Amino acid sequence: MRYIKVDSYEIMSRKAAAIIAAEIVRKPNCVIGLATGSTPLGTYAQLIEWNKKGDLDFSEVTSVNLDEYYGLDASNDQSYRYFMNTNLFDHINIDKANTYVPNGIADDIDAECAAYDKRIEDFGGIDIQLLGIGPDGHIGFNEPDTCFVKPTHKVTLDASTIEANSRFFNDISEVPTSAVTMGMGAIMGAKKVILIANGLNKKEIMEKAFFGPIDPQVPASILQLHPDVTVIYTEKNPVK
Ligand code: F6R
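Residues numbered from 1 in each chain as written. Predicted model: local features only at pLDDT ≥ 70, side-chain atom pairs only at ≥ 80, totals over all residues. Heavy atoms only, no water.

Enquirer: Hey, could you run me through the nonpolar core in this one?
Expert: One recurring pattern in soluble globular proteins: nonpolar side chains tend to sit buried together. Counting residues in hydrophobic clusters, the biggest one holds 29 residues, and the most contacted among them are Ile139, Met182, Leu195 and Leu223. The set of elements that each furnish at least two residues to this core consists of α4 (109–122), α6 (184–189), β9 (192–198), α7 (203–211) and β10 (229–234). What Met182 contacts, discounting residues up to four positions off in sequence, is Val64, Asn65, Leu66, Tyr116, Ile120, Ile126, Gln129, Asn142, Thr152 and Ile187. Ranked by size, the runner-up nonpolar core spans 28 residues in total, among them Leu34, Leu56, Phe58 and Leu130. (Core = buried A, V, L, I, M, F, W, Y, C linked by side-chain atoms within 4.5 Å. Buried < 20%, exposed > 50% of the residue type's maximum accessible area, 1.4 Å probe, protein only. Helix = DSSP H or I, 4+ residues; strand = E, 2+ residues; numbered from the N terminus. Contact = heavy atoms within 4.5 Å.)

Right under this line is the structure:
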C-alpha cells in the first residue's frame, strides 16, 4: 500500500487524476471504476480539463460506477447516474453507452446485481478503481458488517451515511435509506485501486482503515490486503 499525505485538496485531486490518466494512456480501452460524492469532484474537473485540451482520450474507455440509490431513476438529480453525467460524462468524449451505473429501479434487484457482476467479469475485471471513504469506513456503500460482502447487493444505509449524505438533499427525510452497491469482490478484484479522502472529519477513520486491524466493521480496511492500492489523504478541504 502506498499512503500519500498531501497538503491540499487540489494536490490530492491532481495526483488521483494523474494516476487515472496514466492508466488510460497505457491502456486506451481500460475499464475504470468510478465513485460519486464530494471527494472526486476535483479529480473529475482535472480529467475534464485534460480531455478538453486534447491530452486525454476517453473514446475507448468503459466505466463502471460503484453504487446507486435504490428507487431513484437516472432523471432524478440526486441519482448517481445524474451525478456522473453532469460532473464527468457530459464533459468528456466517453461513449455513454460504455458507462455503467447500477440500476436502482430495476424490477428484479437481485437479477440486476448479478448482471452487474457478470458484466464486470466479462470485461475481465476493473483496471483501476477510484474510491472515496464514508465516515463509517464504507467503500461504495459496503457498510460496517459482520463480514465483507462479496457480490453486488442491495444494502440498508447506516444512519451515519444518511446523515452525511443529507447535505445534498433539501431534507434528511428525502435521503434514500437503501442503495445498490458493488461488493468487495469486484473492488478487491480491480487491478489497481486509488482511495482519496479529504478533511479532518475523515482523519480518524483513515487511521482506523489503513493502520488498524482488518475488520468488516471498518469496510475499507480490507484494502490493506490489496496488492496495488494508493491512498491519498489531505486534512484540507477544497479552497472555495
Ligand atoms: C460514492 C461512494 C461512497 C463515497 C463516500 C464518501 O459512490 O461510493 O463510498 O465515496 O460516501 O463520500 P464523500 O466523497 O461525499 O465524502
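Enquirer: Sorry if this is basic, but what is going on with the packing of helix α2 (residues 41–53) against helix α3 (residues 80–87) here?
Expert: Angle between the axes and distance between the axes: these two values describe a pair of packed helices. Where α2 contacts α3, the two axes come as close as 10 Å, and the packing angle between them is 40°. Comparing their axes, α3 and α2 come out oblique. Along the contact surface, α2 presents Leu41, Tyr44 and Ile48, while α3 presents Phe83, Met84 and Asn87. (Axes fitted to C-alpha atoms, helices over the stretch in contact; angles between N-to-C directions. Parallel < 35°, antiparallel > 145°, perpendicular 65-115°, else oblique.)

Enquirer: I tried to follow the site of the ligand on my own but got confused; where do I start?
Expert: The ligand sits among 14 residues. The nearest are Thr39, Asp67, His138, Gly140 and Lys202. The separation between an oxygen atom of the ligand and a polar main-chain atom of Ser38 is 2.9 Å. Interatomic distance of 2.7 Å between a side-chain N/O atom of Asp67 and an oxygen atom of the ligand. For the ligand, whose unbound accessible area comes to 410 Å², protein coverage reaches 94%. (Near = heavy atom within 4 Å. Polar contact = N/O pair within 3.5 Å; in protein donor to acceptor, adjacent residues only side chain to side chain. Areas by Shrake-Rupley, 256 points an atom, 1.4 Å probe, with all protein chains shown as cover.)

Enquirer: Just checking my understanding: could you explain the sheet that holds strand β4 (residues 67–69) for this structure?
Expert: Hydrogen bonds along the backbone pair up the strands of a sheet, which may run parallel or antiparallel. Judged by pairing direction, the sheet is antiparallel, and its three strands sit side by side in the order β4-β8-β7 without closing on themselves. Every interior strand has two partners, whereas the edge strands, β4 and β7 (153–156), have only one. Averaged over neighbouring strand pairs, the angle between their axes works out to 25° when direction is ignored. (Pairing = 2+ DSSP bridges.)

Enquirer: Help me out: how do you make sense of the pairing of strand β3 (residues 62–65) in this one?
Expert: Every other side chain in a regular strand lies on the same face of the sheet, so the side chains alternate between the two faces. Burial along β3 is two-sided: Thr62 and Val64 facing one way and Ser63 and Asn65 facing the other are all buried. Inspection of the sheet shows strand β2 (residues 31–34) paired to β3 by four bridges, in the parallel sense. Paired with Gly33 across the two strands is Val64, which belongs to β3. Where β3 lies against strand β5 (residues 99–100), two bridges are found, and the strand directions are parallel. Note on β5: the bridge partner recorded for Val64 is Tyr100.

Enquirer: What should I look at first to understand the sheet that holds β9 in this one?
Expert: Spatially, β1-β10-β9-β6-β2-β3-β5 is the arrangement adopted by the seven strands of the open sheet, whose pairing is parallel. A single partner strand is all that each edge strand has here, and the edge strands are β1 (2–6) and β5.

Enquirer: Please clarify how the packing of aromatic side chains should be interpreted in this entry.
Expert: Centre-to-centre distance and the angle between the planes together describe a pair of aromatic rings. Applying the stated criterion across every chain yields a total of seven aromatic pairs. Each ring, one from Tyr3 and one from Phe211, has its centre 4.9 Å from the other, and the planes form 65°; the classification is edge-to-face. In this pair, Tyr3 sits in strand β1 while Phe211 sits in helix α7, placing the two residues 208 residues apart along the sequence. For Tyr3, a relative accessible area of 26% gives the class partly exposed. The interplanar angle of 75° and the centroid separation of 5.9 Å between the aromatic rings of Tyr69 and Phe169 together place this pair among those described as edge-to-face. Of this pair, Tyr69 sits in strand β4 while Phe169 sits in the loop between α5 (159–165) and β8 (178–181), and the two are 100 residues apart along the sequence. In textbook terms, an aromatic cluster arises when at least three aromatic residues are bridged by ring pairs, as seen for Tyr69, Tyr80, Phe141 and Phe169. Lys154 extends its terminal NZ or CZ atom over the ring of Tyr70, reaching a point 3.9 Å from the ring centre. (Phe/Tyr/Trp six-rings, centres within 6.5 Å; stacked < 30°, edge-to-face > 60°. Lys NZ or Arg CZ within 6 Å of the ring centre and 35° of its normal.)

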